[in-house]
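Inside the fold
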There are 2 protein chains.
Amino acid sequence: MRTVSELGEKKVIETVMECLDKTPDMPIPFGDDVSAVDLDLGRLAVVKTDMLVGKTDVPPSMSLRQAARKAVVMNISDFAAKGVKPLVLLVALGLPKSFKEEDVRQIGLGLNEGAREYDAHVIGGDTNEASDLIISCSLLGICDKHILVKRSTAKPDDIVAVTGNFGKTASGLKILLEGLPAPETTKKTLTEAVLMPKARLKEGLALAQSGALTASIDSSDGLAWSLHELSDASNIGFTIDKIPIAPEVCEFAENCDLDPLELVLYGGEEYELIVTAKPELWEKARRAVGNLRTPLTSIGRVTKEKRLELKTEGRTRLIERRGWEHFKT
Amino acid sequence: MRTVSELGEKKVIETVMECLDKTPDMPIPFGDDVSAVDLDLGRLAVVKTDMLVGKTDVPPSMSLRQAARKAVVMNISDFAAKGVKPLVLLVALGLPKSFKEEDVRQIGLGLNEGAREYDAHVIGGDTNEASDLIISCSLLGICDKHILVKRSTAKPDDIVAVTGNFGKTASGLKILLEGLPAPETTKKTLTEAVLMPKARLKEGLALAQSGALTASIDSSDGLAWSLHELSDASNIGFTIDKIPIAPEVCEFAENCDLDPLELVLYGGEEYELIVTAKPELWEKARRAVGNLRTPLTSIGRVTKEKRLELKTEGRTRLIERRGWEHFKT
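Residues numbered from 1 in each chain as written. Chains lettered and ligands numbered in written order. Predicted model: local features only at pLDDT ≥ 70, side-chain atom pairs only at ≥ 80, totals over all residues.

**Here's the deal with the overall build of chain A**
Put simply, the rule reads: Numbering of helices and strands starts at the N terminus; helices are DSSP runs of H or I of at least 4 residues and strands are runs of E of at least 2. Radius of gyration here uses only the C-alpha atoms, and the compact-globule reference equals 2.2 Å multiplied by the residue count raised to the power 0.38. Using C-beta atoms placed from the backbone, we call a residue buried if 20 or more other C-beta atoms fall within 10 Å of its own, exposed if 12 or fewer do, and partly exposed for counts in between. Residues are defined as contacting one another if the C-beta atoms placed from their backbone atoms lie within 7 Å.
Across its full length, chain A carries 12 helices and 12 strands. Taking 20 Å as the expected radius of gyration for a compact globule of 329 residues, we find that chain A reaches 19 Å, a close match to that expectation. Buried residues in chain A amount to 57% of all 329 residues. Sequence-distant contacts in chain A: of pairs separated by 6 or more residues, those separated by 24 or more amount to 84%.

Have a look at this one:
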């Protein structure tokens, strides 16, 4: 019988889901970035849990404070993708017995920092002894039902767009994990993307409020993987004709003789938003984010055929379902 | 500098809390069994997270299905103590790479079982690779603000009472961990208390609805420890004159030459409710639970002086702040 490392995260999740009784009237389908229950007055209580594990999610040179902050930010990013403001955070900690009092303080500071940057508060939690560092965060927010942007509602001919640019985290991880070289300022930008990730909360809230989006996801599993998730959830495909690459990534890739597209498509832990919008509302979406001085770049179109194509430099290739997947790496 | 194992769980939690910005207008103080945020119309969104760790929370002979079910039940028990009906559950899993597909299925089945026994549903989660089994559950429920019973509102002269009886889990753990002997039927009862714990949800909901309670906590950290927590939160003391002991515990203690009070007071992972009630409403409280055929036993009185005394068999002794504490054991 196969082990979880042979199955991979997606199949592990499916195996658990097959055991669960269906919840009647779920306002958001299982497998979206967040979960929710209906409140009255057309509102939702929105919840999300995401766990950080020392061994797999904390690269060397990331401090405990940064790790704790990241554990919060990766949850906030899912709320950002749905256009939901996070209110409060619960944190369940697993700490090795050998951790010092100051280690615990650094974790506390990082949790607070992550929450306060996004105007949320830590209101409770649980601590446990564990053999590795575990930071399991759960977020709660309240939103109007019509605001929340699902994964499953992209439509053919919609524009697909992304915030910011891509490739910095994959490059930063290559510097931190494999010791690849980069000039000091480039190195700083690329490793900061790993060590101090930012969630696009303001952008996500503004985009959802604009009413221009048809679907949304964050790119935390990598651009390619997240596009595949959107494709599966909405049963559509994409033709991608342009991907914004951070200039530091182009420079780093050239110097290290790496394929920049590999860094941009198949990295992960990059907390940009991938959204689809009706073409007639595209300008509205762009203005909503432009007010925040964040670029929102159209990268292609939603297609009826469930196929992910990248058409650049006169070449067409398929975007593979590859990226960071727990258990497999 | 001290390690977390020298600090103990209580001090670890304090260290984290000192790092956190205060949340304005918290409807429930930090450190109660659950956390909450105000909704409008006098309602609360109530949340709770509690993590199960294989190494410390799963005794040998507990199956993965039982472990997963227990991870849910220990969260439900906190909702029970507050009188709040749980609606939905999120689960963050940490799984060793070597786990098999069937292991994952057993965990899924246990999670579903735990939730459905209490009419809740699992609606989302996250899976990760970890070196030990980690099951971090988060619960959400909605309740009227006036219903929720805090830890901090017990008053002198209130009656203190408990559901069910005590000592079964501590005895069961001695059988499972130390191999102490017991006749087959006794052994079954005592080990079942460990392997298939039940949360007193119906009782907690009925007690809260009765309006008779002034404070409440579950006994998951042990009867003595939980009484101390109530004492700290309400700034009161207790005179305890009677503790209901399970008959199997009396038999087991006698056969193994153990002090039954030790099993009853300083065990843990026992999911009974410890409540305080105004004397004039005591009968009302008892009727509320009596309808469910669950005994609610008055075990003593709340005192003004912050001191925990046990007066039995003509002897007075102090109830120590001892019990199960993570990191310390």
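The discussion continues.
**Focus: the interface of chain B and chain A**
Note the following rule: Each residue gets one of three labels, nonpolar for Ala, Val, Leu, Ile, Met, Phe, Trp, Tyr, Cys and Pro, charged for Asp, Glu, Lys and Arg, and polar for the others, Gly among them.
On the chain A side, the residues contacting the 67 residues of chain B number 67 residues. The residue makeup of the side of chain B that touches chain A, split by class, is 32 nonpolar, 20 polar and 15 charged.

**A word on the nonpolar core**
Considering soluble globular proteins, one finds that nonpolar side chains tend to be buried as a cluster. Spelled out, the test is: Buried Ala, Val, Leu, Ile, Met, Phe, Trp, Tyr and Cys residues form a nonpolar core when they are connected through C-beta atoms within 7 Å.
Among the nonpolar cores identified, the biggest contains 218 residues, and L89(A), I135(A), L89(B) and I135(B) are the most heavily contacted of them. If we skip the residues at most four places from it in the chain, L89(A) touches V72(A), A115(A), A120(A), H121(A), V122(A), I123(A), C137(A), S138(A) and L139(A).

**Details of the relation of the copies chain B and chain A**
The cut-off we apply is this: Fitting of the copies onto one another was done by least squares over C-alpha atoms, counting residues only where both copies have pLDDT of at least 70.
Note on the identical chains: chain B maps onto chain A by a rotation of 180° and an axial translation of 0.0 Å, with an RMSD of 0.0 Å. In symmetry terms, the pair is related by a two-fold rotation axis. Interface overlap between copies is the fraction of interface residues in one copy that are interface residues in the other; for chain B against chain A it reaches 100%, indicating a shared surface.

**Side note on the sheet that holds strand β3 (residues 88–95) of chain A**
Residues and elements named next belong to chain A. Going by this rule: At least two bridges found by DSSP between two strands are what make those strands a pair. Angles run from 0 to 180 degrees between N-to-C directions of axes, and those axes are lines fitted to C-alpha atoms, restricted for helices to the stretch in contact.
With respect to topology, five strands assemble into an open sheet ordered β1-β2-β5-β3-β4, the strand pairing being mixed. Every interior strand has two partners, whereas the edge strands, β1 (35–38) and β4 (121–129), have only one. Sheet twist, expressed as the mean angle between neighbouring strand axes with direction ignored, is 15°. Sheet analysis places β1 next to strand β2 (residues 43–53), joined by four bridges and oriented antiparallel. For D38, the partnering residue across the bridge sits in β2 and is L44.

**With respect to the pairing of strand β12 (residues 315–318) of chain B**
Consecutive side chains along a regular strand alternate between the two faces of the sheet. Residues and elements named next belong to chain B. Sheet analysis places strand β11 (residues 308–312) next to β12, joined by four bridges and oriented antiparallel. Within the sheet, the bridge partner assigned to E309 lies in β12 and is L318. Hairpin connection from β11 to β12: two residues lie between these consecutive antiparallel strands, with E313 at a positive phi of about 50°.

**Remarks on the environment of R105(B)**
Secondary-structure assignment places R105(B) in helix α5 (residues 101–117). The spacing of R105(B) and T316(B) is 211 residues in sequence and 51 Å in space, taken between C-alpha atoms. Setting aside residues up to four positions removed in sequence, R105(B) forms contacts with T15(A) and C19(A).

**Considering the domain arrangement of chain A**
Residues and elements named next belong to chain A. Here is the rule we go by: Source of the domain bounds: an automatic or database domain assignment.
Here the domain parsing of chain A yields domain 1 (4–144) and domain 2 (159–318). Computed over C-alpha atoms, the centres of domain 1 and domain 2 are 22 Å apart. Listed by partner, the interface residues are 19 residues for domain 1 and 23 residues for domain 2. When the residues that make up the side of domain 1 that touches domain 2 are grouped by side-chain class, the tally is 10 nonpolar, four polar and five charged.

**Overview of the confidence of the model for chain A**
Operational definition: Values of pLDDT, ranging from 0 to 100, describe the predictor's confidence in every residue of the model.
Mean pLDDT over chain A works out to 95, with 98% of the residues at or above the 70 mark. Scored by ipTM, the complex comes to 0.95, with pTM at 0.96.

**Details of the sheet that holds strand β4 (residues 121–129) of chain B**
All names here are of chain B. Taken in spatial order, the five strands make up an open sheet running β1-β2-β5-β3-β4, and their pairing is mixed. On the outer flanks of this sheet lie β1 (35–38) and β4, each paired with one strand and no other. Averaged over all neighbouring strand pairs, the angle between strand axes comes to 15°, with direction disregarded. In the sheet, strand β2 (residues 43–53) pairs with strand β5 (residues 134–144) via 11 bridges, with the strands oriented antiparallel.

**Thoughts on the pairing of strand β7 (residues 213–218) of chain A**
Residue and element names in this part refer to chain A. Counted residue by residue, β7 has six buried out of six residues, so it is predominantly covered. Judged from the five bridges that link them, β7 and strand β9 (residues 273–277) form a sheet pairing that is antiparallel. The residue bridging I217 from the neighbouring strand is I274, located in β9.

**Some thoughts on the environment of P27(B)**
All names here are of chain B. Along the polypeptide, P27 turns up in the loop between α2 (9–18) and β1. For P27 and A212, which are 185 residues apart along the polypeptide, the C-alpha to C-alpha distance reads 20 Å. If we skip the residues at most four places from it in the chain, P27 touches A36, D38, L44 and K145.

**Focus on helix α8 (residues 201–210) of chain B**
Residue and element names in this part refer to chain B. For α8, the tally of buried residues reaches seven of 10 residues, placing the bulk of the element in the interior. Those residues of α8 that fall on the buried side of the exposure criterion are L201, E203, G204, L205, A206, L207 and A208. In this fold, the buried residues of α8 make contact with α4 (64–82), β6 (159–163), β7 (213–218), β9 (273–277) and α12 (282–290). Count one or two residues on from α8 and you reach G211, which has phi positive near 75°.

**Considerations on the packing of α8(B) against α12(B)**
A pair of packed helices can be characterised by two numbers: the angle between their axes and the separation between those axes. All names here are of chain B. Let me state the cut-off plainly: Left-handed is the label given to a crossing in which the near helix is rotated counterclockwise from the far helix by less than a right angle, and right-handed is the label when the rotation is clockwise.
Closest axis-to-axis distance for the α8/α12 pair is 9 Å, and the angle between their directions is 145°. As α8 packs across α12, the resulting crossing turns out to be right-handed. Each of E203, A206, L207, Q209 and S210 in α8 lies in contact with α12, whose residues at this interface are K284, A285, A288 and V289. Grouping the amino acids of the contact of α8 with α12 by side-chain chemistry returns five nonpolar, two polar and two charged.

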